[in-house]
Amino acid sequence: MYDEVIRDMKFTKMHGCGNDYVYVDCTKENLGNPSEAAVFVSDRHFGIGSDGLILIKPSTRADFEMDMYNNDGSRGLMCGNGIRCVAKYVYDHGLTDKREITIDTPSGVKILALTIEDGKVSRVRVDMGAPSLDVRKIPVTYPNETMILQPLEVGGQIYHVTCVSMGNPHCVIFMDDDVRDMDLSSIGPRFEHHSIFTQGVNTEFVNVIDRNHLRMRVWERGSGETLACGTGACACAVAAIKTDLCGHDIDIELLGGHLDIEYDNHHNSHVFMTGPAVEVFEGEITLPSDFSSDDTKVYRR
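Definitions and limits used
Residues numbered from 1 in each chain as written. Predicted model: local features only at pLDDT ≥ 70, side-chain atom pairs only at ≥ 80, totals over all residues. Heavy atoms only, no water. Helix = DSSP H or I, 4+ residues; strand = E, 2+ residues; numbered from the N terminus. Rg over C-alpha atoms; globule rule 2.2 N^0.38 Å. Contact = heavy atoms within 4.5 Å. Areas by Shrake-Rupley, 256 points an atom, 1.4 Å probe, with all protein chains shown as cover. Buried < 20%, exposed > 50% of the residue type's maximum accessible area, 1.4 Å probe, protein only. Expected span 1.5 Å × (residues − 1). Pairing = 2+ DSSP bridges. Phe/Tyr/Trp six-rings, centres within 6.5 Å; stacked < 30°, edge-to-face > 60°. Salt bridge = Lys/Arg side-chain N within 4 Å of Asp/Glu carboxyl O.

I'm lost on the overall build of the protein in this one. Help?
Looking only at helices and strands, the protein has four helices and 19 strands in total. Against the 2.2 N^0.38 benchmark of 19 Å for 301 residues, the protein shows a C-alpha radius of gyration of 19 Å, consistent with a compact globule. If you take every contact in the protein between residues at least 6 apart in sequence, the share linking residues at least 24 apart comes to 64%. Of the roughly 12900 Å² that the protein leaves accessible, carbon and sulfur atoms contribute 45%.

Structure follows, in structure tokens:
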């Protein structure tokens, strides 16, 4: 399909609420080993600096495909902040003139509605699909069908957790103490690698401010703490509504900004996420010559 493999990689740095990725247009070229490239470019001291790498590819069943890699080289299934930036890239760079597009991901095809201001995408609304609380689909090793406000011992402390899949696994914990004061770098990895989460987990620690406002910090599997997580915000909204802590239209406050989440579990059960997408800069970087072209490797911290 491709004529050549990228060595001098042109890229665009973008972020959604501070959740930043390096984006590469792979509609005409191929990036040899994206796992190794993700580790290299994500390094904030010796690379470009990012939470990971996202490749924009052609698709046979949607307008485009999003291929995402965390900063440890592992492949991601879905990224809510990342997919909004993909929409901004393809519109702003003239790959499409549609204001509603479809993007293929390992978690299914997503539909995105673009808000255009002065000829550029400023905000994107994403139909994130239906959540699942089925422990087999998350996956979680747990004897019941769902895990909602159930006790879990982590690091010698009991937390009451609610587990949700938004195409990737999430563990939501509602906290009394201010999440801004947490030592997340200490507790986050213990959740990520807990034995009941057979494929790791993204963990959200949440304060309920009121019926329409949540504050959240997140530890993402494969990336560590990030300033925002779109699928995590959706999982928090679902968990809050299922436990009657919030209504159906919620402002999620993250370290990097705000996301609007809508969820109607009495209609089609889809979650809708709306938030900004920002282009930071463009550039070109030469990838190390010893990168292999083997199949994707999985890196763990």
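Please explain unusual backbone geometry as it appears in this structure.
One can expect most non-glycine residues to show negative phi and most peptide bonds to be in trans. Each neighbour pair has its own omega, and for Ile138 with Pro139 the value is -10 degrees, a cis peptide bond. Mapping Pro139 onto the fold places it in the loop between strand E9 (120-127) and strand E10 (150-154). A positive phi angle, near 60 degrees, is found at Asp244, a position not held by glycine. Tracing the sequence through the fold places Asp244 in the loop between helix H4 (230-242) and strand E16 (249-254). Taking the relative accessible area as the measure of exposure, Asp244 reaches 53% and is therefore exposed.

Mind showing me how you'd approach the environment of Val201 here?
With respect to the element layout, Val201 can be found in the loop between helix H3 (184-192) and strand E13 (202-210). Given the relative accessible area of 0%, Val201 is considered buried. With 12 residues separating them along the chain, Val201 and Pro189 place their C-alpha atoms 9.4 Å apart.

What is the right way to look at helix H2 (residues 80-92) in this model?
Each α-helix turn comprises 3.6 residues. Residues three or four places apart therefore point the same way. An ideal rise of 1.5 Å per residue puts 18 Å on 13 residues; H2 measures up with 19 Å between its terminal C-alpha atoms. Most of H2 sits inside the fold, with 13 of its 13 residues counted as buried. One or two residues past the end of H2 sits Gly94, with phi positive at roughly 75 degrees.

I keep staring at the side chain of His194 and nothing clicks. Help me out?
Within the fold, His194 resides in the loop between H3 and E13. If we ignore the near neighbours within four places in the chain, the residues touching His194 are Leu152, Glu153 and Val154.

Any chance you could explain the pairing of E10 here in plain terms?
Pairing of E10 with strand E11 (residues 157-165), which is carried by five bridges, proceeds in the antiparallel orientation. Within E11, the residue paired with Pro151 across the bridge is His160. As consecutive antiparallel partners, E10 and E11 are separated by two residues, and within that stretch Gly155 has a phi angle of approximately 60 degrees, a positive value.

Just to check I follow, could you spell out the packing of aromatic side chains for this structure?
For any pair of aromatic rings, the description rests on two quantities: the centre-to-centre distance and the angle between the ring planes. Inspection of the entire model under this criterion finds four aromatic pairs. With 5.9 Å between their ring centres and 80 degrees between their planes, Phe11 and Phe281 make a pair best called edge-to-face. Taken together, the residues span a long stretch of sequence, with Phe11 in strand E2 (residues 8-16) and Phe281 in strand E19 (residues 278-286) at a distance of 270 residues. In this structure Phe281 comes out as partly exposed when scored by relative accessible area, which is 36%.

Would you mind going over the pattern of salt bridges with me for this structure?
When the charged atoms of two side chains with opposite charge come close together, those side chains can pair. Scanning the entire structure with this criterion turns up 15 salt bridges. Asp67 is paired through a salt bridge with Lys57; the nearest N and O atoms lie 2.9 Å apart. You can see Asp67 sitting in strand E6 (residues 64-70) and its partner Lys57 sitting in strand E5 (residues 52-57), a full 10 residues away along the chain. Arg136 is paired through a salt bridge with Asp134; the nearest N and O atoms lie 2.8 Å apart. For Arg136, a relative accessible area of 67% corresponds to the exposed category. Linked by salt bridges that have partners in common, Lys13, Asp20, Arg44 and Asp51 make up one network.

In this structure, what is going on with the environment of Leu255? I would like to understand it.
Assignment of secondary structure puts Leu255 in the loop between E16 and strand E17 (257-263). Owing to a relative accessible area of 43%, Leu255 belongs among the partly exposed residues under this scheme. Sequence-wise, Leu255 and Glu29 are 226 residues apart; in three dimensions their C-alpha atoms are separated by 35 Å.

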